[in-house]
Amino acid sequence: MSGRDEDSAGPIDLRSDTVTRPTAAMLEAMRTAPLGDDSRDGDPTVVRLEQRAAAMVAKEAGLFLPSGTMGNLLAVLAHVTRGQDVLVDPLAHLVTSEIAGLVGVAGVVPRTVASQAGRYDLAALAAALAAAPTARVGAGLVWLETSHNGAGGRVVPPGHVGEVCAMARQRGVPVHLDGARLFNAAVALGVPAGTIVAPVDSVMFCVSKGLSAPVGSLLAGSAAFIQRARALRRMLGGAMRQAGVIAAAGLVALETMVDRLAEDHAVAQRLATGLFAIDPTLVDPATVETNILRLDVSRTRRDARAWADILAEHGILVQASGAAQLRLVTHRHVDEAAADRVVATFAAAA
Ligand SMILES: Cc1ncc(COP(=O)(O)O)c(C=O)c1O
């Protein structure tokens with residue numbers, strides 16, 4: 001496996017897959033990319049990336065963006081009328097981390113619907129879709145996320161995506177999928193990303209996380225939807241100029257970095273198995289489907305912050321989420337040997 005090649009000297013950084021650095025091939029592509037003015041008459045490298053991205057998710061058109069947060073916000077702005085509801089799982093990144101944009105910029109109401117591991121309770125979703133719009137404007141969008149960050153990288157089964165879309169369509173409500181880690185989900189399922197997102201109206205995915213590009217996310221959907229999102233992107237100040245410099249790395253990410261995500265999943269599974277052997281209340285390896293582990297430390301003798309601090313003293317960086325949970329995310333700079341060191345450190349400290 002590619003391993004901690006360029007980074008073996010530093011700490012083992014499991015806080016997020018966003019810490020990945022560009023590959024040598026990306027840096028070379030960035031140096032030599034043909035450039036133009038993306039906001040004027042077009043940047044040829046951005047155009048190539050947008051076309052490639054749209055093709056990979058089998059949608060008509062794509063739009064290159066500085067971040068996943070902007071992609072999700074543009075999807076809301078393009079689909080939803082001010083005052084409408086977005087039906088969303090309470091653990092979705094949209095709710096936990098992007099709510100200010102949703103409410104403050106888009107003026108849209110997050111209406112949470114009961115869910116488990118990113119899958120809606122379909123009866124609750126039906127009720128939310130049917131809610132009589134007397135006191136409310138009504139549902140303007142249904143939200144899905146896969147792999148599901150808040151649920152520990154769980155993968156939403158494509159059958160569930162199809163069921164949710166069919167229910168929403170019956171009510172004339174579009175569906176957006178937050179696929180910041182869509183390719184982790186696709187690799188875990190062993191299906192093309194396009195298969196997962198075929199029934200949704202729009203999808204956002206990042207090239208900046210496990211795929212290792214330094215910057216960037218893509219929004220994809222129908223040509224009309226992307227045309228509208230493009231205008232809204234400009235409104236938000238997201239129109240970039242010689243963005244081919246960063247799009248070039250995104251192209252290398254999509255062309256060469258997808259299949260290797262399986263290595264990150266294997267390392268995550270190795271971590272889960274090792275930690276389960278130390279204390280089975282920490283994590284159930286069967287729930288670790290991609291590159292994210294959420295450890296429940298509530299039955300250990302430290303809270304999450306204390307665990308993060310003691311691990312940091314040993315050169316291992318993790319993210320404390322609240323008092324009881326640690327998040328560990330594997331990526332290109334964390335290999336099997338690093339995973340074994342994490343498990344050994346945990347065992348010694350436990
Ligand atoms: C599921 C999910 N959606 C959206 C985002 C936002 O992406 P960005 O950090 O590029 O704005 C993240 C970031 O971690 C995420 O995990």
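Residues numbered from 1 in each chain as written. Predicted model: local features only at pLDDT ≥ 70, side-chain atom pairs only at ≥ 80, totals over all residues. Heavy atoms only, no water.

### Details of the nonpolar core
1) Next: Ranked by internal contacts, the top residues of the largest apolar core, which has 84 residues, are Val 142 and Leu 219.
2) Next: Per element, the largest residue contribution to this core is eight residues, and it comes from helix 11 (residues 244–256).
3) Next: Filtering out sequence-adjacent residues up to four positions away, Val 142 remains in contact with Leu 87, Tyr 120, Leu 125, Leu 129, Val 164, Ala 168, Val 173, Pro 174, Val 175 and His 176.
4) Next: Of all hydrophobic cores here, the second largest spans 29 residues; its members include Val 288, Ala 308, Ile 310 and Ala 339. (Core = buried A, V, L, I, M, F, W, Y, C linked by side-chain atoms within 4.5 Å. Buried < 20%, exposed > 50% of the residue type's maximum accessible area, 1.4 Å probe, protein only. Helix = DSSP H or I, 4+ residues; strand = E, 2+ residues; numbered from the N terminus. Contact = heavy atoms within 4.5 Å.)

### A closer look at the domain arrangement of the protein chain
1) Next: By domain assignment, the protein chain separates into domain 1 (5–21 + 260–349) and domain 2 (24–256).
2) Next: Using C-alpha coordinates to define each centre, domain 1 is positioned 27 Å away from domain 2.
3) Next: Taken residue by residue, the interface counts 17 residues in domain 1 and 19 residues in domain 2.
4) Next: Interface area for domain 1 against domain 2, summed over the two sides, is near 1,500 Å², with a carbon-plus-sulfur share of 48%.
5) Next: The largest share of the area that domain 1 buries against domain 2 comes from Leu 261, Glu 289 and Ile 292, three residues that together contribute 35% of it.
6) Next: At the junction of domain 1 and domain 2, the tally comes to two salt bridges.
7) Next: With a closest N to O distance of 2.8 Å, Asp 17 and Arg 181 form a salt bridge.
8) Next: Linking domain 1 with domain 2 are 10 residue pairs in polar contact (both at pLDDT 80 or more), by the criterion used here.
9) Next: Elements with a minimum of two residues in the side of domain 1 that touches domain 2: helix 12 (261–278) and strand 11 (292–296).
10) Next: Ranked by residue count, the leading element in the side of domain 1 that touches domain 2 is helix 12, at three residues. (Domains from an automatic or database assignment. Buried area = accessible area lost by both parts, 1.4 Å probe. Salt bridge = Lys/Arg side-chain N within 4 Å of Asp/Glu carboxyl O. Polar contact = N/O pair within 3.5 Å; in protein donor to acceptor, adjacent residues only side chain to side chain.)

### Notes on the packing of helix 6 (residues 122–130) against helix 7 (residues 158–170)
1) Next: Running from amino to carboxyl end, helix 6 crosses helix 7 at an angle of 20°, the nearest separation of the two axes being 10 Å. When the axes of helix 6 and helix 7 are compared, the pair comes out roughly parallel. Every pair of crossing elements has a handedness; the one defined by helix 6 and helix 7 is right-handed. Judged by residue contacts, Leu 122, Leu 125, Ala 126 and Leu 129 of helix 6 engage His 160, Glu 163, Val 164, Met 167 and Ala 168 from helix 7.
2) Next: Taken together, the residues of the contact of helix 6 with helix 7 sort by class into seven nonpolar, one polar and one charged. (Axes fitted to C-alpha atoms, helices over the stretch in contact; angles between N-to-C directions. Parallel < 35°, antiparallel > 145°, perpendicular 65-115°, else oblique. Left-handed = near helix turned anticlockwise from the far one by under 90°. Nonpolar A, V, L, I, M, F, W, Y, C, P; charged D, E, K, R; others polar.)

### Some thoughts on the pairing of strand 11
1) Next: Burial analysis of strand 11 places four of its five residues in the buried class, the great majority of the element.
2) Next: In this sheet, strand 14 (residues 325–329) lies alongside strand 11 in antiparallel orientation, the contact comprising five bridges. Bridge pairing in strand 14 links Leu 293 to Leu 328. (Pairing = 2+ DSSP bridges.)

### A few points about the layout of surface pockets
Space left empty within the atom packing is revealed by a probe, the size of a water molecule, rolled over the atoms.
1) Next: Here the largest pocket is characterised by a volume of approximately 290 Å³.
2) Next: Along the walls of the largest pocket sit 16 residues, with Ala 151, Gly 152, Arg 154, Thr 287 and Arg 294 positioned nearest its centre.
3) Next: For the lining of the largest pocket, the class distribution of residues is seven nonpolar, five polar and four charged.
4) Next: For the lining of the largest pocket, the domains that each give at least three residues are domain 1 (5–21 + 260–349) and domain 2 (24–256).
5) Next: Roughly 210 Å³ of internal volume is contained in the second largest pocket.
6) Next: In this structure, the second largest pocket is lined by 18 residues; those nearest its centre are His 93, Asn 149, Ala 180, Arg 181 and Lys 209.
7) Next: For the lining of the second largest pocket, the secondary-structure elements that each account for two or more residues are helix 3 (68–79), strand 8 (175–179) and strand 9 (202–206).
8) Next: Tallying contributions element by element places helix 3 first for the lining of the second largest pocket, with three residues.
9) Next: Among the residues making up the lining of the second largest pocket, the classes are represented as three nonpolar, nine polar and six charged.
10) Next: Split by domain, the residues of the lining of the second largest pocket number at least three in each of domain 1 (5–21 + 260–349) and domain 2 (24–256). (1 Å grid on protein atoms, 1.4 Å probe; cavity = no way out; pocket = protein on both sides within 12 Å on 5 of 7 lines; lining within 4 Å. Points joined across faces, edges and corners; volume = space filled by probe spheres on them.)

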